[in-house]
Amino acid sequence: MSTTRHEGAYLVTGGAGAIGTAICERLVDMGLSVVVADANAQAAEDVAGRLKCDYVTVDLRDRASVDAAVETVVQEHSAIRGVVNCAGVTRLMDFFEISTEDWNWMMDINALGTMHVMQAVGSRMRDAGAGGSIVNVASIAGKGYRQTSNAAYAATKGAVLALTKVAAIQLAPFDIRVNAVCPGPTNSPLLNVHNTPEAQGRIAEMVEHVPLRRFSEPSDIAAAVAYLLMANAVTGQSMNVDGGLVFD
Ligand SMILES: NC(=O)c1ccc[n+]([C@@H]2O[C@H](COP(=O)([O-])OP(=O)(O)OC[C@H]3O[C@@H](n4cnc5c(N)ncnc54)[C@H](O)[C@@H]3O)[C@@H](O)[C@H]2O)c1
């Protein structure tokens, strides 16, 4: 484990992924103690090694795994001050082809995983009495984005947005803020879910619909996450980072 520069850590789930890594970089640059939390142990170790921060392996679907990861971080850093729930999965699927297994796979990681972390970390923050900040990485898919990868993925992100609002109200008495960032299509390997042999040209078509005519960069998402993590008077909000695709 690295030297703790500030009292308390900032945990980033999916921290070994494209957007998660950019978020970890941004928070490390801000002088915060970051812990990369990811199911991919090798990738998490690599990112943490490069950024000189800590990592834990976790399967967000499993509450015991989440509790163990949170316990490890609290042992090493004494407290968790902030969490970014960034882990998420999807795959391009036709509405009628989405199976129960597909639904459960996405729901369990994207929505239940977010709930697991919010409960495990939120209860620690509540008991410590020093407040805290949670940012959930949802998606404009949860707000009705026409070119989303699939309906079940959109439903998981809708669940994350609803959870964000209600948690913001129910955790406010403990000075725990909860906000969401909704990326639009972002330059990352995840975008390649749209790049199947049957979907040739789909990515080029997606960018044409973005008013700014470009995809977001992982660093753009990281900037919004960093703002919301530290925005003392902001809770229950969702910020679209999508080049102007969705207005709400
Ligand atoms: N890339 C985009 O265009 C885009 C757009 C909108 C929203 N998002 C959202 O942004 C977030 C990050 O996306 P990304 O592009 O960086 O994806 P990514 O695939 O690069 O990263 C996802 C990370 O989540 C981890 N993960 C998967 N299952 C896990 C589990 N059970 N437990 C712990 N970790 C697990 C993976 O190992 C991976 O490191 C996701 O929530 C995604 O839905 C992405």
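Scroll up for the structure.
Residues numbered from 1 in each chain as written. Predicted model: local features only at pLDDT ≥ 70, side-chain atom pairs only at ≥ 80, totals over all residues. Heavy atoms only, no water.

### Looking at the site of the ligand
So, step 1. Looking at the ligand, there are 28 residues lining it, with I19, D38, Y153, K157 and S188 nearest.
So, step 2. At 2.6 Å, a side-chain N or O of Y153 approaches an oxygen atom of the ligand.
So, step 3. Between T186 and the ligand, the recorded distance is 2.9 Å, taken from a backbone N or O atom to an oxygen atom.
So, step 4. For the ligand, whose free accessible area comes to 830 Å², the fraction covered by protein is 88%. (Near = heavy atom within 4 Å. Polar contact = N/O pair within 3.5 Å; in protein donor to acceptor, adjacent residues only side chain to side chain. Areas by Shrake-Rupley, 256 points an atom, 1.4 Å probe, with all protein chains shown as cover.)

### Focus on the packing of aromatic side chains
So, step 1. Tallied over the full model, the rule gives 1 aromatic pair.
So, step 2. On the basis of an interplanar angle of 80 degrees and a centroid distance of 5.3 Å, the ring pair of F95 and F96 is categorised as edge-to-face. Comparing F95 with F96, the two get one shared label, exposed. (Phe/Tyr/Trp six-rings, centres within 6.5 Å; stacked < 30°, edge-to-face > 60°. Buried < 20%, exposed > 50% of the residue type's maximum accessible area, 1.4 Å probe, protein only.)

### Observations regarding the packing of helix 1 (residues 18-29) against helix 7 (residues 218-230)
So, step 1. The contact between helix 1 and helix 7 brings their axes to 8 Å, and the two run at 50 degrees. Comparing the axis directions of helix 1 and helix 7 gives the class oblique. Every pair of crossing elements has a handedness; the one defined by helix 1 and helix 7 is right-handed. Residues A18, I19, A22, I23, R26 and L27 of helix 1 lie in contact with helix 7, whose contacting residues are P218, S219, I221, A222, A223, V225, A226 and L229.
So, step 2. Across the contact of helix 1 with helix 7, the residue classes break down as 12 nonpolar, 1 polar and 1 charged. (Axes fitted to C-alpha atoms, helices over the stretch in contact; angles between N-to-C directions. Helix = DSSP H or I, 4+ residues; strand = E, 2+ residues; numbered from the N terminus. Parallel < 35°, antiparallel > 145°, perpendicular 65-115°, else oblique. Left-handed = near helix turned anticlockwise from the far one by under 90°. Contact = heavy atoms within 4.5 Å. Nonpolar A, V, L, I, M, F, W, Y, C, P; charged D, E, K, R; others polar.)

### Considering the pattern of salt bridges
Any two side chains of opposite charge can pair, given that their charged atoms come close.
So, step 1. For the coordinates displayed, the defined rule picks out 7 salt bridges.
So, step 2. R50 is the partner of E25 in a salt bridge, and the nearest nitrogen-oxygen pair spans 3.1 Å. Of the two residues, E25 is situated in helix 1 and R50 in helix 2 (residues 41-51); the sequence distance between them amounts to 25 residues.
So, step 3. Linking R91 and D102 is a salt bridge whose minimum nitrogen-to-oxygen distance equals 3.1 Å. Linking R91 in the loop between strand 4 (80-85) and helix 4 (100-128) with D102 in helix 4, this pair joins segments that are 11 residues apart in sequence.
So, step 4. Taking relative accessible area as the criterion, R91 reaches 40% and is therefore assigned partly exposed.
So, step 5. Judged by relative accessible area, D102 falls into the buried class, the value being 11%. (Salt bridge = Lys/Arg side-chain N within 4 Å of Asp/Glu carboxyl O.)

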